[in-house]
Amino acid sequence: MSILGVAVAIGAASHKELGVKPKNKWCPMCQKEHASTDHPCARNHVGSSGSMEADGIVQMFNEAPEKHDMYCAEYIADGDSNTAHAILRRVSY
């Protein structure tokens, strides 16, 4: 079980970074019983460790039209079928 993960998108043609989404299932302040509104909470992922990559990639794809004035038409990855399935289900275009 991982409590921290990072999703990175790199343009295949440009070789430039399109986005980085760190995912964290744990917050040290919340562990000390602080309310999440009392501090800038580090926790930004709820779910399985295996879904961190998929969630980050889906967020970047959905943000791409507004942030980069582009749509992601292809996805090249390490073969993680969870991510490919999440893109097909949750990317809005």
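Quick caveat: nothing in here was measured; it's all calculated off a predicted structure. (Residues numbered from 1 in each chain as written. Predicted model: local features only at pLDDT ≥ 70, side-chain atom pairs only at ≥ 80, totals over all residues. Heavy atoms only, no water.)

A. The arrangement of a nonpolar patch on the surface in detail. Together, Met1, Ile3, Leu4 and Trp26 give the surface a local cluster of nonpolar side chains, amounting to about 480 Å² of exposed area. Relative to the helices and strands, leucine 4 resides in strand β1 (residues 4–10). (Patch = residues over 30% accessible without salt bridge, like charges linked within 9 Å, V, L, I, M, F, W, Y side chains within 5 Å. Areas by Shrake-Rupley, 256 points an atom, 1.4 Å probe, with all protein chains shown as cover. Salt bridge = Lys/Arg side-chain N within 4 Å of Asp/Glu carboxyl O. Helix = DSSP H or I, 4+ residues; strand = E, 2+ residues; numbered from the N terminus.)

B. Seen up close, the pairing of β1. Covered by surrounding structure in β1 are Gly5, Ala7 and Ala9 only, the residues Leu4, Val6, Val8 and Ile10 on the alternate face being uncovered. The pairing of β1 with strand β2 (residues 17–24) spans seven bridges and is antiparallel. Along β2, the bridge assignment pairs alanine 9 with glycine 19. Turn length for the β1-β2 hairpin, with the two strands adjacent in sequence and antiparallel, is six residues, and the turn residue histidine 15 shows positive phi of about 60°. (Buried < 20%, exposed > 50% of the residue type's maximum accessible area, 1.4 Å probe, protein only. Pairing = 2+ DSSP bridges.)

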